[in-house]
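# What the coordinates show
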Amino acid sequence: MSSLLLLNGSPRGTRSNSMKMLTRVGEGWVHGGGDEPEVLHLALEQDRTRAVEAFGAADTVVLGMPLYADSMPGLVMGFIETLAPYVGREGNPRFGFLVQSGFPEALHSRPLERYLAKLATRLGCEYAGTIVRPGGEALQVMPDRANKKLWESLREVGKSLHVGGEFDSLVLSRIAGKERLSPTMVRVMSLASKAPVTEFYWNGLLKKNGAWGKRFDAPYASA
Ligand SMILES: Cc1cc2nc3c(=O)[nH]c(=O)nc-3n(C[C@H](O)[C@H](O)[C@H](O)COP(=O)(O)O)c2cc1C
């Protein structure tokens, strides 16, 4: 019971928040006595092909992803569809997940978490749990040393996955933080979202991705 496959479902690939978090889960797994994990990025075509085969050979798989439109990126959905041949197969891996979102409330990720638990059961995999982490986009701008507590908690769940076969539920709730912000915090966040520094970050992303000129496009609006 010691091989771990880490699947990164972020379209951002290696520099994603999902990967930063999966890396710490893998470190905890190794610390608990597991083998060095294999890491595959679903955004890379060759890794996607390899991932289907690697899924069948692994003892444990953790699939990490960002929350996209309250669900999963299309890339992840496409990968899940390629797992159809594994439905009900004897010897399927234990299956755990990581969902991290931009919004700072864990409850946005709960419907996807419920779907993922069902997915594992329908495949005939033992379900190892889902790590939910809100406010994940902050990892792009914060220095790694500012996130020591989060990294430590992720290592803890990685270790518990190896030692006990599932993510430790107490640590999962610590990682998830607030399910819902208080009305005061909602007002504070709403003001903060209009601050020039926040706009600077998102405008920078629009420009970097060549989308600045299209930011007011409304392709489905009636003419
Ligand atoms: C197309 C798109 C859709 C998104 N939808 C949501 C969403 O519905 N809820 C949310 O909280 N964050 C949403 N986000 C924010 C991402 O979940 C967040 O920035 C995440 O940390 C990105 O992780 P990554 O670096 O691993 O890709 C969305 C981001 C993109 C690009």
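This structure is a prediction, so every number in the text was calculated from the model and none was measured.

## Describing the overall build of the chain
Counting its secondary structure elements, the chain contains eight helices and five strands. Mapped from its N terminus to its C terminus, the chain presents α and β elements in the order β-α-β-α-β-α-β-α-β-α-α-α-α. In terms of C-alpha radius of gyration, the chain reaches 18 Å, essentially the compact-globule figure of 17 Å for 223 residues. For the chain, the spread of C-alpha atoms along the three principal axes comes to 55 × 40 × 30 Å. Classification of the 223 residues of the chain by burial places 42% in the buried group. Partitioning the contacts of the chain with sequence separation of at least 6, the portion at a separation of at least 24 is 76%. For the chain, the accessible area works out to roughly 12200 Å², and carbon and sulfur atoms hold 57% of it. When the 27 basic and 23 acidic side-chain charges of the chain are each reduced to a single mean position, those positions are 9 Å apart.

## Some words on the layout of surface pockets
Here the largest pocket defines a volume of roughly 1100 Å³. S101, G102, F103, E137 and W202 are, among the 38 residues lining the largest pocket, the residues nearest its centre. For the lining of the largest pocket, a count of residues per class yields 19 nonpolar, 13 polar and six charged. Here the lining of the largest pocket spans two domains, since at least three of its residues come from each of domain 1 (4-176) and domain 2 (183-213).

## A closer look at the pairing of strand β5 (residues 127-133)
Burial of β5 is extensive: five of the seven residues sit out of reach of the surface. Handedness of the β-α-β unit built from strand β4 (residues 94-100), helix α4 (residues 110-123) and β5 comes out right-handed.

## Remarks on the pattern of salt bridges
Tallied over the full model, the rule gives 10 salt bridges. The partner of R50 in a salt bridge is E38, with the nearest N and O atoms 2.8 Å apart. With R50 in helix α2 (residues 45-57) and E38 in strand β2 (residues 38-41), this residue pair connects regions lying 12 residues apart in the sequence. Assessed through its relative accessible area of 31%, R50 is described here as partly exposed. On the basis of relative accessible area, E38 is assigned to the partly exposed category, the value being 30%. Of the charged contacts in the structure, one is a salt bridge between R110 and E113, with a shortest N-O distance of 3.0 Å. With a gap of three residues between them, R110 and E113 both fall in helix α4, about one helical turn apart. The buried category is assigned to R110, whose relative accessible area is 19%.

## A closer look at the side chain of S10
Inspection of the secondary structure assignment puts S10 in the loop between β1 (4-8) and α1 (17-31). In this structure, S10 is in contact with S16, S18, A43, G64, P66 and L75, ignoring residues within four places of it in sequence.

## With respect to the site of the ligand
The immediate surroundings of the ligand are formed by 16 residues, with S10, R12, S18, Q100 and E137 found nearest. Here a nitrogen atom of the ligand and a backbone polar atom of A69 are 2.8 Å apart. One of the backbone N or O atoms of G102 is found 3.1 Å from a nitrogen atom in the ligand. Burial of the ligand by the protein amounts to 75% of the accessible area it has alone, namely 650 Å². Using a 2 Å cut-off from the grid points, one finds that the ligand occupies the largest pocket. Across the shell around the ligand, the residue classes break down as five nonpolar, eight polar and three charged.

## Here we look at a nonpolar patch on the surface
Together, M185, V188 and M189 make up a nonpolar patch on the protein surface, roughly 230 Å² of accessible area in all. Positionally, M185 belongs in helix α7 (residues 183-192).

## Details of the domain arrangement of the chain
By a widespread convention, an interface's size corresponds to the accessible area lost as its parts come together. When its domains are assigned, the chain resolves into domain 1 (4-176) and domain 2 (183-213). Look at where the C-alpha atoms of domain 1 and domain 2 centre, and you get two points 27 Å apart. Listed per partner, the contact involves six residues of domain 1 and five residues of domain 2. Carbon and sulfur atoms supply 63% of the area buried between domain 1 and domain 2, which totals about 330 Å² over both sides. For the domain 1 face of the interface with domain 2, the top three residues by lost area are P104, E137 and V141, together amounting to 65%. Inspection of the domain 1/domain 2 interface yields zero salt bridges. Inspection of the domain 1/domain 2 interface yields one residue pair in polar contact (both at pLDDT 80 or more). Grouping the amino acids of the side of domain 1 that touches domain 2 by side-chain chemistry returns two nonpolar, one polar and three charged.

The rules we used
Residues numbered from 1 in each chain as written. Predicted model: local features only at pLDDT ≥ 70, side-chain atom pairs only at ≥ 80, totals over all residues. Heavy atoms only, no water. Helix = DSSP H or I, 4+ residues; strand = E, 2+ residues; numbered from the N terminus. Rg over C-alpha atoms; globule rule 2.2 N^0.38 Å. Buried < 20%, exposed > 50% of the residue type's maximum accessible area, 1.4 Å probe, protein only. Contact = heavy atoms within 4.5 Å. Areas by Shrake-Rupley, 256 points an atom, 1.4 Å probe, with all protein chains shown as cover. Lys, Arg positive; Asp, Glu negative; His and termini not counted. Charge placed at Lys NZ, Arg CZ, Asp CG, Glu CD. 1 Å grid on protein atoms, 1.4 Å probe; cavity = no way out; pocket = protein on both sides within 12 Å on 5 of 7 lines; lining within 4 Å. Points joined across faces, edges and corners; volume = space filled by probe spheres on them. Nonpolar A, V, L, I, M, F, W, Y, C, P; charged D, E, K, R; others polar. Domains from an automatic or database assignment. Right-handed = clockwise from strand over helix to strand, strands pointing away. Salt bridge = Lys/Arg side-chain N within 4 Å of Asp/Glu carboxyl O. Near = heavy atom within 4 Å. Polar contact = N/O pair within 3.5 Å; in protein donor to acceptor, adjacent residues only side chain to side chain. Sits in = over half its atoms within 2 Å of the grid points. Patch = residues over 30% accessible without salt bridge, like charges linked within 9 Å, V, L, I, M, F, W, Y side chains within 5 Å. Buried area = accessible area lost by both parts, 1.4 Å probe.

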